[in-house]
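Descriptive structure summary
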Protein chains: 2
Amino acid sequence: MITRRGLFAGGVATAAGAAAAATGSAAGAVVTHNARQAARVEPFHGAHQAGVATEPQAHAVFLGFDLRKDVRKEAVVRLLHLLTDDAARLTQGRPALADTEPELAVDAARLTVTFGFGPGLFAAAGVDSPVEPLPAFATDRLEKRWSGGDLLVQVCADDTVTVAHAVRMIVKDARSFARVRWTQRGFRSANRRNLMGQIEGTVNATDLDRAVWIGQGPLRGGTTLVLRRIRMLLETWDAADRVAREFTIGRRLGSGAPLTGTAERDEPDYARKNHLGFPVISEYAHIRRAHVADPALRLLRRPYNYDEGLTPEGESDSGLLFASYQADIARQFVPVQRMLAEGDLLNEWVTTIGSAVFAIPPGCAPGGWIGESLLA
Amino acid sequence: MITRRGLFAGGVATAAGAAAAATGSAAGAVVTHNARQAARVEPFHGAHQAGVATEPQAHAVFLGFDLRKDVRKEAVVRLLHLLTDDAARLTQGRPALADTEPELAVDAARLTVTFGFGPGLFAAAGVDSPVEPLPAFATDRLEKRWSGGDLLVQVCADDTVTVAHAVRMIVKDARSFARVRWTQRGFRSANRRNLMGQIEGTVNATDLDRAVWIGQGPLRGGTTLVLRRIRMLLETWDAADRVAREFTIGRRLGSGAPLTGTAERDEPDYARKNHLGFPVISEYAHIRRAHVADPALRLLRRPYNYDEGLTPEGESDSGLLFASYQADIARQFVPVQRMLAEGDLLNEWVTTIGSAVFAIPPGCAPGGWIGESLLA
């Protein structure tokens, strides 16, 4: 074998001219490609951050960071300036500053980069936190490696390489301020089904100005995120028959219709009883426990499936990254979660193993940075 | 909290009638959906297995199985009957027999399921193996957890949930015969770029009848697969500048054109020298080392990116699942790999950490099973 570093140093000069000559044509190719991809760009700047109300992309990576010990407000602000700049560029199909793989930035593929602040970030910055950890739920089996975190960066796009590239740029620029606490990768199918076969997101918040966006205070235009890692016990779910599953959910698996209806979007009739006098949709069916009558209190759920293959014991390590956005965690998320924890039949087959809460700051204008209303 | 199993038993009977009544409409929905998805179905039966010459799908899972100790020829044949049946159904958008999530089978999303036999499968069946492990290469740093395996199942589709579902059905049906040795998940971008930013697959075998499909013997209509897990050292790659990278590869990063050309598909001019008398494409550039002049000896490469996030040390754990199909491993793959191992500049930034070889049996006719020409 030859020594490559030596060879390499000798050859670089010969290639330099040719590379320079090619710059023009490569840039041309990029422009053409950009024009073709214009429809695939999500706006970055605005009153709200993208990635919340955005039609969910096919792939997501949720990154949870812990700030380094010596990081205080000034450093947090510097970090957010940096990451906002990365996000503003990458989401528009432009390379980050000093992007090491600029070609991978060309296809934005509806990339969104969304930032969230955990209680620890506010503590480091010396600012009162508008969010606090959830209360304990009896059904939780939380693992530290999937829980908590000072800073969330949610990266979503329709292209896997676009996501991988954006994640890499973000992690690189965050490195001197923070270390990655967890990485959670998710995916969605066009048919919206999760790995249990259910259709996700039939009932979702639609009145976003009341249910999701915060109307006043420093978080005005922002929201909150609860991210739960919900393991699905697919092996035992498979042992339950179809009737049992539909009874558990309160919906038919095929159509997604409530047991009292025929189409997915039919309003469930929670009062209807069968000829024996029992409710058609059980008191403990998942959809009844999760039901929120007031549209202003509904959650905006934007879940992704996760699948990490098999555990060493040969069981599937998969489930749902349940991302829920709401204006007020205590008024909206906690009551629903309590109902589920107290009596959802589905608990037999799902276990929450990770949990984190974040304030999602409002969006920013060109030249601004995410978090300025909270930290400036 | 209430006990759910008790509740559950009481409620099932009341739901049974309603579920039965709904079966008709659910089946109707499936049919409509199937018609819409007809263009997204890859044929299963035929002279060759699908998943080799098939236009690469966006997502792949490579499953390596070890047969259980007591498994002999009869059990191998039974296993292959079972898995062939699963693959024949799932690839056509139909549930597997006793499919536990039939809704997840509806969108085939160009699903292909491809089977490969490692030396251990032939040994278990008492049949001479047509494939043997690769010779050692000095640059290899093979890890057992990514290497070897008696049976390969390669699952590819354009939808992540379709892949996850097919993998689950296959693993479940294989469970009593084999255990999963490794699971390797990969993805491809529409722009064909890998995580280093290079365009993959510019030069690929096109004369498949000579370069890929085996023309005689029990493997007639089949081929071989070499699957290499190639870790990319992205942190140090990022430290190399653009000129150094293009010199290493022998191509421009922007256009993918050889350093002697202007467009991706331009034929590299390996003889051309610069004004100092050095070859424009270095003797040790990746494309020169990998170059195969005879089209009948070219490899059919079908690589996928992998990205497992960050190692505990904070380095990216990502790279390429290099899947190479060829009629003859010794005549086609080994010489190229030897050239690369002996002097590819790219070795500075890539390390092969997994390696496995498989015979890919020919396809089968309806009613047949994969492997019949080898094991019947």
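In this report, we go over the structure that sits alongside the text.

Rules used throughout
Residues numbered from 1 in each chain as written. Chains lettered and ligands numbered in written order. Predicted model: local features only at pLDDT ≥ 70, side-chain atom pairs only at ≥ 80, totals over all residues. Heavy atoms only, no water. Helix = DSSP H or I, 4+ residues; strand = E, 2+ residues; numbered from the N terminus. Buried < 20%, exposed > 50% of the residue type's maximum accessible area, 1.4 Å probe, protein only. Contact = heavy atoms within 4.5 Å. Areas by Shrake-Rupley, 256 points an atom, 1.4 Å probe, with all protein chains shown as cover. Buried area = accessible area lost by both parts, 1.4 Å probe. Salt bridge = Lys/Arg side-chain N within 4 Å of Asp/Glu carboxyl O. Polar contact = N/O pair within 3.5 Å; in protein donor to acceptor, adjacent residues only side chain to side chain. Least-squares fit on C-alpha atoms with pLDDT ≥ 70 in both. Phe/Tyr/Trp six-rings, centres within 6.5 Å; stacked < 30°, edge-to-face > 60°. Lys NZ or Arg CZ within 6 Å of the ring centre and 35° of its normal.

**Focus on the overall build of chain A**
Helix and strand counts for chain A come out as ten helices and nine strands. Across the 376 residues that make up chain A, the buried fraction comes to 61%. Across chain A, the fraction of contacts at a sequence separation of at least 24, relative to all contacts at a separation of at least 6, is 78%. Counting every atom, chain A has about 14,800 Å² of accessible surface; 55% of that belongs to carbon and sulfur.

**Considering the side chain of S316 of chain B**
Along the chain, S316 of chain B falls in strand β8 (residues 316-326). Residues in contact with S316 of chain B, not counting those within four places in the same chain, are R168 of chain A together with R231, L234, E235, G309 and L310 of chain B.

**Focus on the interface of chain A and chain B**
Counting residues at the interface gives 78 residues for chain A and 79 residues for chain B. Summing the contributions of chain A and of chain B, the shared interface buries around 6,400 Å²; its carbon and sulfur component is 62%. Linking chain A with chain B are ten salt bridges. Between K172 of chain B and D238 of chain A there is a salt bridge, with its nearest N and O atoms 2.6 Å apart.

**Details of the environment of E101 of chain A**
Inspection of the secondary structure assignment puts E101 of chain A in the loop between α2 (73-90) and β2 (112-117). Along the sequence, E101 of chain A and M169 of chain A sit 68 residues apart, while their C-alpha atoms lie 9.2 Å from each other. With sequence-adjacent residues up to four places away left out, E101 of chain A is seen in contact with H165, R168 and M169 of chain A together with L195, M196, G197, W237, D238 and R245 of chain B. One polar contact links E101 of chain A to T100 of chain A, side chain to side chain, over a distance of 3.2 Å. A distance of 3.0 Å separates a polar atom in the side chain of E101 of chain A from a polar atom in the side chain of R245 of chain B.

**Some words on the relation of the copies chain A and chain B**
Overlaying chain A with chain B gives an RMSD of 0.0 Å, the required rotation being 180 degrees about an axis along which the chain moves by 0.0 Å. Here the symmetry operator amounts to a two-fold rotation axis. Relative to the rotation axis, the C-alpha of E308 of chain A is the closest in chain A, positioned 4.8 Å from it.

**Concerning the packing of aromatic side chains**
Applying the stated criterion to the full structure yields eight aromatic pairs over all chains. Between the aromatic rings of F117 of chain A and F122 of chain A, the centroid separation amounts to 5.9 Å while the plane-to-plane angle is 65 degrees, which identifies the pairing as edge-to-face. One exposure class covers both F117 of chain A and F122 of chain A, and it is buried. Over the ring of Y304 of chain B we find R188 of chain B; its NZ or CZ atom is 5.7 Å from the centre of that ring. Positioned above the aromatic ring of W146 of chain B is the side chain of R229 of chain B, whose terminal nitrogen or guanidinium carbon lies 3.6 Å from the ring centre.

**Let's talk about unusual backbone geometry**
Residues and elements named next belong to chain B. Located in the positive-phi region is A98, a residue other than glycine, with phi close to 55 degrees. Tracing the backbone shows A98 in the loop between α2 (73-90) and β2 (112-117). Since its relative accessible area comes to 75%, A98 is described here as exposed. Of note, the phi angle at A109 is positive, near 50 degrees, even though the residue is not glycine. Tracing the chain through its elements places A109 in the loop between α2 and β2. The class of A109 is buried, set by a relative accessible area of 0%.

**Focus: the pattern of salt bridges**
Oppositely charged side chains may form a pair once their charged atoms are brought near each other. In the structure shown here, the tally under the stated rule is 44 salt bridges over all chains. Between R40 of chain A and D107 of chain A there is a salt bridge, with its nearest N and O atoms 3.1 Å apart. You can see R40 of chain A sitting in the loop between α1 (4-36) and β1 (59-67) and its partner D107 of chain A sitting in the loop between α2 and β2, a full 67 residues away along the chain. Residue classification places R40 of chain A among the partly exposed positions, given a relative accessible area of 28%. In this structure, R245 of chain B engages E101 of chain A in a salt bridge whose closest nitrogen and oxygen atoms are separated by 3.0 Å. Remark: E101 of chain A occurs in the loop between α2 and β2 and R245 of chain B occurs in helix α7 (residues 242-249); the pair is interchain, linking two chains.

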